[in-house]
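Per-entry structural report
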Amino acid sequence: MWWGGRGQSFNIAPQKEEPEMGSVQESRMPEPRSRQPSSCLASRCLPGEQILAWAPGVRKGLEPELSGTLICTNFRVTFQPCGWQQNQDTPLSSEYDFALVNIGRLEAVSSLSRVQLLRPGSLLKFIPEEIMIHGRDFRLLRVGFEAGGLEPQAFQVTMAIVQARAQSNPAQQYSGITLSKTGQGSGSRKPPVPLMETAEDWETERKKQAARGWRVSTVNERFDVATSLPRYFWVPNRILDNEVRRAFGHFHQGRGPRLSWHHPGGSDLLRCGGFYTASDPNKEDIRAVESMLQAGHSDVVLVDTMDELPNLADVQLAHLRLRALCLPDSSVAEDKWLSALEGTRWLDYIRACLRKASDISVLVTSRVRSVILQERGDRDLNGLLSSLVQLLSAPEARTLFGFQSLVQREWVAAGHPFLTRLGGTGASEEAPVFLLFLDCVWQLLQQFPADFEFSEFFLLALHDSVRVPDTLTFLRNTPWERGKQSRQLNSYTQVYTPGYSQAPAGNSFNLQLSVWDWDLRYSNAQILQFQNPGYDPEHCPDSWLPRPQPSFMIPGPPSSVWLFSRGALTPLNQLCPWRDSPSLLAVSSRWLPRPAISSESLADQEWGLPSHWGACPLPPGLLLPGYLGPQIRFWRRCYLRGRPEVQMGLSSPTISGLQDELSHLQELLQKWTPRISPEVHSKDPHTILNPTEIVGILKGRTEGDLG
């Protein structure tokens, strides 16, 4: 089955060979002859997708209730409302699809108030009258089954979901959507966002950042330096590729220092793995490592990104507690709910991330220097902090296109292990670091609503896309795995030529679609909601100061090396742990920091400004968020989607949605009229207040409800 959308053809092909669609439709489970699925149901299947069971039902919990059909396949569970027609613009559903790997909890309910939690491999003990599917993305699907002799179908579809979850393995089952050779040619199609898979993508981005002291290295083109690194990355001009190869061998997992972002004022933000101190580099290798870390700057700051931030186990435990708290049947009393929320530590970790990102933004923005983010694995917190620093310091990263490009470059291309961290492999290293990052971005959007071109709806769409089986963006751990899956690793060596991005003639490969191809899952009306209606065009990159902008940046001290840890800069005796130290035993005695030179805040040290900034303006383009107490809020639209009654007044951020929310607030205002201050109560009760007045009245009460 081919899906046609906007003149293109799409194919979802399993990694293992599956029967053709004709045989799939004939191999379904036996069904009562009186109720056969519609032709629309069958036509919705994807290649290699088998319908295991189905049953008529009614979607509950939301108004209005919808009659339709609950379908279980070997890929997903989906609810098809009655009268649904295939939409050529959105070949995949974005509202009612639950990938099997996204199902976090499955419950069956009977009329006798019996509730059975169904784990993979469980046996259903009764015929259910309703099932509840709790998504790991906090969505909830409640489906009640019809009576009238159709109870066996309810039992069949429920057991089919249980068995399909037990057999589901996203690492083996899905290979994503590719452009069909029968559709638009892959060479003529340009991805909506640069996938950073070609040297031209990296060169274009380098020129956009005006990083004149850097070049695109092809040393990892065959992934023989590190399979977790992209095929191309930026290194200093003066460093040769053979020096890069040797230097990277002295870092954990071969992840040596590379440029993440060049500030228009002259600073460079780098990232790398931890020093492999057990290695024994020669003097030339040490010189190459130091030259790459310094990046031509006399002032160098080494940032330990793991300091003061949660580890992977902490992030996973906090997210599990958050999900348990947000379940509809949570046992936490209402008057203790906010205390339980703080007890999850999720908001604490957001505070820690924003605080550290703010400090690093000050380091990058205040002086012309090299700032190196160092994490042992260089695949989790480095990506989180690097992305947040760019969002705080670069207005172009706050546009819709810029943010997507940022995620593609700093997370996907940089080798963040999405599949492992999101629980797709069953490994113990599960930890939703990327979801923690999205919550941090949402906090910034709340504090600076006019500075971001994208909306909360876009963040929700991205949040919900991390576990869908439609693209490989979040279904693999490394660029090497994605390239191998999409058959883009070929025997030829690509030589970068400006303006030429196509593979040589005779080389055939399918161009993988990415998560940024939103029209696969969302309609045009939904995609329009990705735009933030409150975005101020004055904050767009065109209004930023021309490059370079050295007026507020000063050179650092000559030949100075610093360690940034626990909010303070500490001078280091040397940059590398191996300098004049042939054995590991000498590292602990020579590579030791001296006491901090100042106990002042970082803002005091860097600019000589009060830590609260007073009347002094911030440097152009820089945002410094608040992270104390109630400044960090709870993302209700995301985490409480399983509680429809809580979502009242939280319509999507569109003009019509804001009008609905305004009406809801006015209704609340009429109910609360006796409790409103006398000066407001003295107004004509029939007067319709404007949004500003209503928000002012309800602000304190609403923030108290939000926690």
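As a reminder, the structure under discussion sits directly above these lines.
A few points on the structure. Just so we're clear, the structure is a prediction, and the values are computed from it rather than from any experiment. (Residues numbered from 1 in each chain as written. Predicted model: local features only at pLDDT ≥ 70, side-chain atom pairs only at ≥ 80, totals over all residues. Heavy atoms only, no water.)

A word on the side chain of K356
To keep it simple, the criterion reads: Each helix corresponds to a stretch of at least 4 residues labelled H or I by DSSP, and each strand to a stretch of at least 2 residues labelled E; elements are numbered beginning at the N terminus. For every residue, the accessible area (1.4 Å probe, protein chains only) is compared with the maximum for its type, and the residue is labelled buried under 20%, exposed over 50%, or partly exposed between those bounds. Positive residues here are Lys and Arg, negative ones are Asp and Glu, while His and the chain termini are left out of the count. Salt bridges are defined as contacts in which a side-chain nitrogen from Lys or Arg sits within 4 Å of a carboxyl oxygen from Asp or Glu. Contacts were defined at the residue level, with two residues in contact if any of their heavy atoms lie within 4.5 Å.
Position of K356 relative to the elements: it lies in helix α10 (residues 346-366). Although K356 is buried, it makes no salt bridge; D307 carries the closest opposite charge, 4.1 Å away. Contact partners of K356, with chain neighbours within four places excluded, come to V303, D304, T305, D307, L309 and L385.

Topic: the sheet that holds strand β8 (residues 115-117)
How we decide: Pairing between strands is defined by DSSP: at least two bridges between them are needed. Orientation is described by axes fitted as lines to C-alpha atoms, over the contacting stretch for helices, and by angles from 0 to 180 degrees between their N-to-C directions.
Read across the open sheet, the eight strands follow the order β6-β5-β4-β3-β10-β9-β7-β8; overall the sheet is antiparallel. Looking at which strands have only one partner, the edges of the open sheet turn out to be β6 (97-99) and β8. Ignoring which end each strand starts from, the neighbouring axes of this sheet average 30 degrees apart. Sheet topology note: the strand β7 (residues 103-109)/β8 ladder contains three bridges and is antiparallel. Bridging across to β8, E107 finds its partner in L117. Here helix α3 (residues 151-167) sits on the sheet and contacts β3 (51-60), β4 (66-73), β5 (76-81), β7, β9 (130-135) and β10 (140-145); the angle it forms with β3, its principal contact strand, is near 115 degrees.

Observations concerning the state of the cysteines
In a disulfide, the sulfur atoms of two cysteines are covalently bonded to one another. Note the cut-off: Only a pair of cysteine sulfur atoms within 2.5 Å counts as a disulfide in this structure description.
All chains considered together, the criterion is met by zero disulfides. C440 forms no disulfide, and the closest cysteine sulfur to it belongs to C353, at a distance of 4.6 Å.

Digging into helix α8 (residues 312-326)
Convention followed: Multiplying 1.5 Å by the helix residue count minus one yields the expected span of that helix. Definition of a polar contact: a pair of N or O atoms within 3.5 Å, with one able to donate and the other able to accept a hydrogen when the atoms are protein atoms, and with sequence-neighbouring residues admitted only if both atoms are side-chain atoms.
Over its 15 residues, α8 extends 21 Å from the first C-alpha to the last, a length consistent with the 21 Å expected when each residue adds 1.5 Å. All buried positions along α8 are accounted for by V315, Q316, A318, H319, L322, R323, L325 and C326. Residues of α8 that are buried in the fold lie against β7, α9 (337-343), α10, α14 (433-447) and α20 (636-639). The N-terminus of α8 is capped by N311, whose side-chain oxygen sits 3.2 Å from the backbone nitrogen of A313.

A few points about the pattern of salt bridges
By the definition in use, this model includes 26 salt bridges. Across the pair R105 and E107 runs a salt bridge, and its minimum N-O distance is 2.6 Å. According to the relative accessible area criterion, E107 is buried, its value standing at 3%. Across the pair R351 and E342 runs a salt bridge whose closest N-O atoms are separated by 3.6 Å. A relative accessible area of 12% places R351 in the buried class. One network of salt bridges, with partners in common, ties together E205, K208, R255, R258, R271, D378, R409 and E410.

Overview of helix α6 (residues 241-248)
Basically, it comes down to this: By definition, the arc is the one covered by directions from the helix axis to the C-beta atoms.
Every buried residue belonging to α6 is among V244, A247 and F248, and all of these are buried. For α6, the arc enclosing every buried residue in end-on projection is 95 degrees, short of the 170-degree limit, so these residues lie on one face.

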